[in-house]
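Listed here are the chains, written in short residue letters.
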Amino acid sequence: MSGHRLDRRKVKRHHSYTVDEAARVIGATRGTVRRWLNNGLPAIRDRKPFLILGDDLAAYMAGRAHPKRTCPSGTCYCVKCRDARRPAGNIAEFVPINTHSGNLRGLCPDCGSLMHRRTSTKQLAAIQAILDVAIVERQPRLNDSG
């Protein structure tokens, strides 16, 4: 299940869960929930099965969540390096998706892989002041014909 995001929004704060139920609700394995119990997830341990309060489970998962990182202006996110970087040579291309937004693409200066950033057409002028941006015509999609 690596690479799978656990959904803490499905936890009902006023319910209590067994290890099995908690794992099923958030989309994790029972071993993950048991490991969390050993690492500090509060539970009612008076009797078996242990009960985990929904509020405690949601708070524990929120504490484990990594905050979103925004890319500064003029940068794209490199998935391989896991960091926001300026495109190599300060050169990027803008591929419009619709009239309001598009994808900004560039090459990572460190690993050479393709980096992406979704941006609006309103922000394009500010990005063009920082980067040399070429506006590319988007490729037609299958549902565009007809």
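Details of the structure are given in the entry above.
In this text, all values refer to a predicted model and were calculated from it rather than measured experimentally.

Trainee: Please provide a residue-by-residue account of helix H2 (residues 30-38), values included.
Mentor: Along H2, the residues that are buried comprise Thr-32, Val-33, Trp-36 and Leu-37. Buried residues of H2, viewed axially, fall in a sector of 145°; they line one side. Buried residues along H2 sit in contact with helix H1 (19-26), strand S2 (52-53) and helix H3 (54-64). Phi for Gly-40, located one or two positions after H2, is positive at around 120°.

Trainee: Pulling in residues and values, what's your account of the packing of aromatic side chains?
Mentor: Evaluation of the coordinates by the stated rule reveals one aromatic pair. For the pair Trp-36 and Tyr-60, a centre-to-centre distance of 5.6 Å together with 50° between the ring planes defines the contact as tilted. With a gap of 24 residues between them, Trp-36 in helix H2 and Tyr-60 in helix H3 connect regions that are remote in the sequence. In this structure, Trp-36 and Tyr-60 share a single accessibility class: buried. A cation over a ring is seen here: Arg-45 above Phe-50, with NZ or CZ 5.3 Å from the ring centre.

Trainee: I'd love a proper account of the environment of Val-25, names of residues and values included.
Mentor: Secondary-structure assignment places Val-25 in helix H1. The exposure class of Val-25 is partly exposed, given its relative accessible area of 25%. Apart from residues no more than four positions distant in its own chain, Val-25 is found in contact with Lys-10, Val-11 and Tyr-17.

Trainee: Tell me about the pattern of salt bridges, and please be specific about residues and values.
Mentor: Applying the stated criterion across every chain, the model contains six salt bridges. Among the salt bridges present, the one from Asp-55 reaches Arg-13, with a minimum N-O distance of 2.7 Å. One end of the pair, Asp-55, is in helix H3; the other, Arg-13, is in the segment before strand S1 (16-17), and 42 residues separate them in sequence. Note on Asp-55: relative accessible area 40%, which makes it partly exposed. Where Glu-93 meets Arg-105, a salt bridge forms, and the shortest distance between an N and an O atom there is 2.4 Å. Linking Glu-93 in strand S5 (residues 91-96) with Arg-105 in strand S6 (residues 101-107), this pair joins segments that are twelve residues apart in sequence. A cluster of three or more residues bridged by salt bridges with shared partners is formed by Asp-20, Arg-24 and Arg-30.

Trainee: Help me get a handle on the nonpolar core, residues and values and all.
Mentor: If you look at the biggest cluster of nonpolar residues, it comprises 16 residues, and the most contacted ones within it are Val-11, Ile-26, Val-33, Trp-36, Leu-41, Ile-52 and Leu-57. Among the secondary structure elements, those contributing two or more residues to this core are H1, H2 and H3. Leave out the neighbours within four places in its chain, and Leu-57 touches Val-11, Tyr-17, Ala-22, Ile-26, Trp-36, Leu-41 and Ile-52. Counting residues in each nonpolar core, the second largest holds eleven residues, with Ala-92, Leu-104, Cys-108 and Leu-131 among its members.

Trainee: Give me the lowdown on the pairing of S6, citing residues and values where you can.
Mentor: Sheet topology note: the S5/S6 ladder contains four bridges and is antiparallel. Looking across to S6, one finds that Pro-96 is bridged to Gly-102. The turn linking S5 back onto S6 is made up of four residues. Note: S6 against strand S7 (residues 114-120), seven bridges, orientation antiparallel. Residue Gly-106 lies in a different strand from S7, and its bridge partner there is Met-115.

The rules behind the values
Residues numbered from 1 in each chain as written. Predicted model: local features only at pLDDT ≥ 70, side-chain atom pairs only at ≥ 80, totals over all residues. Heavy atoms only, no water. Buried < 20%, exposed > 50% of the residue type's maximum accessible area, 1.4 Å probe, protein only. Helix = DSSP H or I, 4+ residues; strand = E, 2+ residues; numbered from the N terminus. Arc of directions from axis to C-beta. Contact = heavy atoms within 4.5 Å. Phe/Tyr/Trp six-rings, centres within 6.5 Å; stacked < 30°, edge-to-face > 60°. Lys NZ or Arg CZ within 6 Å of the ring centre and 35° of its normal. Salt bridge = Lys/Arg side-chain N within 4 Å of Asp/Glu carboxyl O. Core = buried A, V, L, I, M, F, W, Y, C linked by side-chain atoms within 4.5 Å. Pairing = 2+ DSSP bridges.

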